[in-house]
Amino acid sequence: MAKSRKAATGAAGKKGAKVKVALIGAGGMANSVHYPSLVEFKDVKIVGLCDVMQDKLQATAEKFGIDKTFTDYQKMIEETAPDAVYALMPPHHVYDVAAWALKQKLNLFVEKPLALTTYQAKTLAHHAEQNGCITMVGFQRRHVPAIVEARKMVEKRGPIHTAVGIFYKDAPEALGYYGGAIDILTSDAIHAADLVRWLGNSEVKSVASDVRSIGRDFPNCFHALITFESGMTGVLLANWCSGRRFYKCEMHGSSIAAFIDPDESGVVYADNGATEEQIDPKALGPGDQPYHYLGFWQENRHFIDCVKAKKQPTSCFSDAVKSMELVDRIYSSTM
Ligand SMILES: NC(=O)c1ccc[n+]([C@@H]2O[C@H](COP(=O)([O-])OP(=O)(O)OC[C@H]3O[C@@H](n4cnc5c(N)ncnc54)[C@H](O)[C@@H]3O)[C@@H](O)[C@H]2O)c1
C-alpha cells in the first residue's frame, strides 16, 4: 500500500514542470484515443504503464515509448509518484482501482460510465471530494470541436431552447455490455443523455420516457423528453436495433439551428434559412485522426489543463453522478 500522499498535483502546478501521468490499462480505448493524445502533449510525461496482461502491456509500452512497465498498479504509483492517473478499463473492473487511487489523493481520469451503478458513482465522487482529487469521466462528446463551435454559434443569439441527442447502433442481439455486466443505456447510450444534459446547462426538472425492449428481454430502445431548470427541453433518441451506428446532435435557438454529425458533417441554419454555414468536423481538430476531431484529444487536454490549474473538469465525478441519475430517471419514468 502506498504511503499517505499530500493532495495531488505536486510539481504539476509549477511553471514549466511537466505533468507526470501514470497509466493503468493497455486496452482498446487507451491505445486508440487516450495515449495517442497524451504523447502529443509537450507538457505531459508518462512515468509508467500498468496492465495485468503482459502481451498488451509490452505492445502498448513499445508503441508509446514508455520505459517503466508494471503488472501491479499500486507498485507503479509508489515507484513513480504521479501527478495524475488514468484508469482505463470496463466499469465492472474499474471501481476498486479508482477507489484506491482516490484514497491515495491521486487526480484521476476514467472512461464513461463512471461506475456500474449510481451508488458506486456517488461513493467514488465522495472519495474524490474527501481527498481533494481532480477527477474526470471521459464524456468526450462535450469536447467535439464541431459541437463546441455550433453551440457557440447558437448561444450567440441567446439560450438553446431545444436540444436533441441521437445515438443509434445495430446490435439487436447485444446482452448489454461485457457479457451483460451492464445495460446499454448506462454503459453507452449515456453519451447522448450526457450531451443533452451538458447542453441543458442546469438541473433536470422532469423526465418522461419510453424505454422498450425490441425483439428481446433487455431494454435496447430509449426515448426521453427531459426538461431543465434553464428552460431547455432535451430529447433523447437512442436505440440499439437500428440500421447502423449513427450519432447526431441538434441545437435550436433564437432563429438558428445546428445539426451536427461529428463523424461526417455539420450545418447551421439561421433566419428562416437565409444563412447556411457548413461545419466540417474533420477540419476543426489539431490533426486528421478520429481522436483529433471526435473530442478525445480535447478532453485529455482539458483534464491535463485542469490538473495544472487545480480546478475541476466539466465532467468531474460529482457531475458524472448527475448523468447516472438522469439514466435512473429515464428508466423509472417510462410510460
Ligand atoms: N468514450 C467512448 O466513446 C468509449 C468507447 C468505447 C469504450 N469506452 C469505455 O472505455 C472503457 C475501457 O474500455 P476498453 O474497450 O478500452 O477496455 P479493454 O478491455 O480493451 O481494456 C482494459 C484493459 O485494462 C486491463 N485491466 C483490467 N483490470 C486491470 C487492473 N486491475 N490492473 C491493470 N490492468 C487492468 C485489462 O487487462 C485490459 O487490457 C470502458 O469503460 C468503456 O465503457 C468508451
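Everything below is about the structure printed above this text.
Residues numbered from 1 in each chain as written. Predicted model: local features only at pLDDT ≥ 70, side-chain atom pairs only at ≥ 80, totals over all residues. Heavy atoms only, no water.

**Some remarks on the side chain of arginine 142**
Thought 1: Topologically, arginine 142 is positioned in the loop between β6 (135-138) and α6 (145-155).
Thought 2: Here the side chain of arginine 142 touches aspartate 194 through a polar contact of 2.7 Å, side chain to side chain.
Thought 3: Not counting residues up to four positions away in its chain, the partners in contact with arginine 142 are Val148, Asp194, Leu195, Arg197, Trp198, Thr314, Ser315, Asp319 and Ser323. (Helix = DSSP H or I, 4+ residues; strand = E, 2+ residues; numbered from the N terminus. Polar contact = N/O pair within 3.5 Å; in protein donor to acceptor, adjacent residues only side chain to side chain. Contact = heavy atoms within 4.5 Å.)

**Things to note about the packing of helix α4 (residues 91-103) against helix α5 (residues 118-130)**
Thought 1: Here α4 crosses α5 at 20°, and the two axes come no closer than 8 Å. Considered as vectors, α4 and α5 are oriented roughly parallel to each other. You can see that α4 and α5 cross each other, and the crossing is left-handed. Contact residues: Tyr95, Ala98, Ala99, Leu102 and Lys103 in α4; Gln120, Thr123, Leu124, His127 and Ala128 in α5.
Thought 2: A breakdown of the residues in the contact of α4 with α5 according to their chemical character gives six nonpolar, three polar and one charged. (Axes fitted to C-alpha atoms, helices over the stretch in contact; angles between N-to-C directions. Parallel < 35°, antiparallel > 145°, perpendicular 65-115°, else oblique. Left-handed = near helix turned anticlockwise from the far one by under 90°. Nonpolar A, V, L, I, M, F, W, Y, C, P; charged D, E, K, R; others polar.)

**Focus on the packing of helix α7 (residues 184-200) against helix α10 (residues 317-332)**
Thought 1: α10 packs onto α7 with a crossing angle of 105° between their chain directions and a minimal axis gap of 9 Å. In terms of axis orientation, α7 runs roughly perpendicular to α10. From α7, Leu185, Thr186, Ile190, Ala193, Asp194 and Arg197 reach across to α10, where they touch Asp319, Lys322, Ser323, Met324, Leu326, Val327, Ile330 and Tyr331.
Thought 2: Taken together, the residues of the contact of α7 with α10 break down into eight nonpolar, two polar and four charged.

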